[in-house]
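Here is how the chains run, residue by residue.
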Amino acid sequence: MREESDSKLMPQLNIGHIHAKFPIIQGGMAVRVATAKLAAAVANEGAIGIIAGTGLSVQALQEEIRKARGLTSGYIGVNVLFAATQFAQLVKAAMIEKIDFIVSGAGFSRDVFAWGREFNVPVFSMASSARVGKLSEKMGAAAIIVEGKEAGGHLGTDRSIFDILPEVVSAVNIPVIAAGGIMDGCDIARALECGASGVQMATRFVASEECEASDKFKELYLSSSPEDSVLIDSPVGLPGRAIRNRLTERLLEHKNLLSTQECQGCLKHCTHSFCILDALEKAVDGDIENGLVFSGEFFHRIKEILPVKKIIAQLIHEYEQCQKKVNWGQV
Ligand SMILES: Cc1cc2nc3c(=O)[nH]c(=O)nc-3n(C[C@H](O)[C@H](O)[C@H](O)COP(=O)(O)O)c2cc1C
């Protein structure tokens, strides 16, 4: 997996010791949406896989990393939300397992860069502005993942990725990865044209055979309409992009839903409006009415659930076709 690109058009992604054949990273998706099986399938195609650590126990994360290592020799990272109570334990456990890189998001951690230096593991920072991108570079980030408002899950901005991306690219001197609403090869070409070194895609990979979320979760992506993409107030203290269902309707009516659940203390700071761990676990296990189904804004552009191999082959094909179109106004 760790060889030169044989595609004439789609460039490699080089970040420190990482030299991936294709500049595509599969985004971390908690809880248990981005697991070893999905990450390894993506890495086996020459792209980069990420296991979501948030919401797992340290032991469960170690097992996922070992499972992924058994399934691929490609690059695998771990994503942990800074907001999680277990952030330090999960990040350090992944570093001890010699993970290829860490992605830290939803809040800013200075410590993670020190741990990265100690364990010699690169840290990629999530950012939604040039200011946070610059700060991350100064602290020692190996790359910046810039996320626009089109992304699924927690959001740090209401601006489009294509508005923020050029600002971050010109503010930093490390690789910039574009995330949010990248659904096909033309979107990848556009992001690279704007100066990104690669893209992070999550929503497209949910609708894959290897994603271990329940079939109901994946099918909701295919059966919902564009207007079903809604923003809720997450207990993390950030907006979260999800697909409309019974839970989001209740949340939009501002009904406090925590009272029925036992608090597990999963977040460092929680608004206690509802239990996000419980809601994400319900969704991934198939309760798509009472669970929280995070999704990017453009889920409706996905037409079928495919094997990862086919998704990546399609992305490469579309990218190459798109390269032939010179004027971005036409695509
Ligand atoms: C189901 C789901 C769960 C997510 N969970 C996380 C997470 O745990 N940590 C994180 O940093 N980003 C999370 N994200 C954001 C993705 O990693 C990614 O950056 C974003 O969704 C990219 O936009 P796209 O989904 O339009 O491709 C999640 C996204 C989805 C769809």
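Residues numbered from 1 in each chain as written. Predicted model: local features only at pLDDT ≥ 70, side-chain atom pairs only at ≥ 80, totals over all residues.

A word on the domain arrangement of the protein
What counts is decided by this rule: These domain limits were set by an automatic method or by a database of domain assignments. Contacts here follow a simple rule: the backbone-placed C-beta atoms of the two residues must lie within 7 Å. Secondary structure counts use DSSP, requiring at least four H or I residues in a row for a helix and at least two E residues in a row for a strand, with both numbered from the N terminus.
For the protein, the assigned domains are domain 1 (13-212 + 302-330) and domain 2 (215-299). Between domain 1 and domain 2, the C-alpha centre-to-centre distance is 22 Å. In this complex, domain 1 contributes 26 residues to the contact, which on the side of domain 2 involves 23 residues. Where the side of domain 1 that touches domain 2 is concerned, the elements lending two or more residues are β9 (153-154) and α8 (203-206).

Brief notes about the pairing of strand β7 (residues 123-127)
For clarity, the threshold we go by: To sort residues by exposure, count the other C-beta atoms lying within 10 Å of each residue's C-beta; 20 or more gives buried, 12 or fewer gives exposed, and values between give partly exposed, all with C-beta atoms placed from the backbone. Pairing between strands is defined by DSSP: at least two bridges between them are needed.
Of all five residues in β7, five are buried; the element is thus mostly enclosed. Burial of β7 is two-sided: the residues Val-123, Ser-125 and Ala-127 facing one way and the residues Phe-124 and Met-126 facing the other way are all buried. Where strand β6 (residues 101-105) lies against β7, three bridges are found, and the strand directions are parallel. Among the inter-strand pairings, Ile-102 is bridged to a residue of β7, identified as Val-123. Bridge count for β7 against strand β8 (residues 143-147) is four bridges, and the pairing is parallel. In the strand pairing of β8, Phe-124 is matched with Ala-143.

Details of helix α5 (residues 130-139)
Test applied: Note that the arc is computed from the directions linking the helix axis to the C-beta atoms.
Here α5 has its buried residues at Val-132, Gly-133, Ser-136 and Glu-137. Along α5, the residues classed as buried sweep out an arc of 140 degrees about the axis, all on the same side. Opposite the buried face of α5, by more than 90 degrees, sit the exposed residues Arg-131 and Lys-138. Packed against the buried residues of α5 are β7, β8 and α6 (161-171). Once α5 finishes, Gly-140 follows within two positions and takes phi at roughly 120 degrees, a positive value.

Considerations on the site of the ligand
As a reminder of what qualifies: Throughout this description, a residue near a molecule or strand is one whose C-beta atom, derived from the backbone, lies within 6 Å of it. Each residue is assigned to one of three groups, with Ala, Val, Leu, Ile, Met, Phe, Trp, Tyr, Cys and Pro labelled nonpolar, Asp, Glu, Lys and Arg labelled charged, and all others, Gly among them, labelled polar.
Near the ligand, the surroundings consist of 29 residues, among which Gly-27, Ala-30, Gly-152, Gly-153 and Gly-296 are the closest. Of all the secondary-structure elements, those providing two or more residues to the shell around the ligand are β5 (76-81), β11 (198-201) and α8. Its residues assigned to classes, the shell around the ligand comprises 14 nonpolar, 13 polar and two charged. Per-domain counts for the shell around the ligand show at least three residues from each of domain 1 (13-212 + 302-330) and domain 2 (215-299).

A closer look at the sheet that holds β5
Threshold: To get an axis, a line is fitted to the C-alpha atoms, and for a helix only the part in contact is used. The angle between two axes follows their N-to-C directions and goes from 0 to 180 degrees.
Taken together, the eight strands give an open sheet; going across it, the order is β3-β11-β10-β8-β7-β6-β5-β4, and neighbouring strands pair in parallel fashion. Of all strands in the sheet, those with a lone pairing partner are β3 (24-26) and β4 (49-52), marking the two edges. Taken over all neighbouring pairs, the strand axes of this sheet differ in orientation by 25 degrees on average, direction set aside. Sheet analysis places strand β10 (residues 176-179) next to β11, joined by three bridges and oriented parallel. Opposite Ile-177, over in β11, you have Gly-198 as the bridge partner.

Remarks on the confidence of the model for the protein
Threshold: Values of pLDDT, ranging from 0 to 100, describe the predictor's confidence in every residue of the model.
On average, residues of the protein score 94 in pLDDT, and 93% of them reach the 70 mark or higher. Of the regions scoring below 50 in pLDDT, residues 1-7 engages in 16 contacts with residues more than four places distant in sequence or in other chains.

A few points about the environment of Val-31
Topologically, Val-31 is positioned in the loop between β3 and α1 (36-44). Since 25 C-beta atoms lie within 10 Å of it, Val-31 is described here as buried. A C-alpha to C-alpha distance of 7.5 Å links Val-31 and Leu-277, two positions 246 residues apart in sequence. Discounting residues that sit within four places of it in the chain, Val-31 has contacts with Ala-52, Thr-54, Gly-55, Leu-277, Leu-280, Glu-281 and Val-284.

Comments concerning the packing of helix α2 (residues 58-71) against helix α3 (residues 87-96)
Definition in use: Should an angle fall under 35 degrees it is called roughly parallel, over 145 degrees roughly antiparallel, and 65 to 115 degrees roughly perpendicular, with every other angle called oblique. Working rule for handedness: look at the near helix, and if it is turned counterclockwise from the far one by less than a right angle, call the crossing left-handed; if clockwise, right-handed.
Contact geometry of α2 with α3 gives a least axis separation of 10 Å together with a crossing angle of 30 degrees. Relative to α3, the element α2 lies roughly parallel. Note on packing geometry: the crossing formed by α2 with α3 is right-handed. Listed contacts from α3 to Val-58, Leu-61, Gln-62 and Ile-65 of α2 are Gln-89, Leu-90, Ala-93 and Ala-94.

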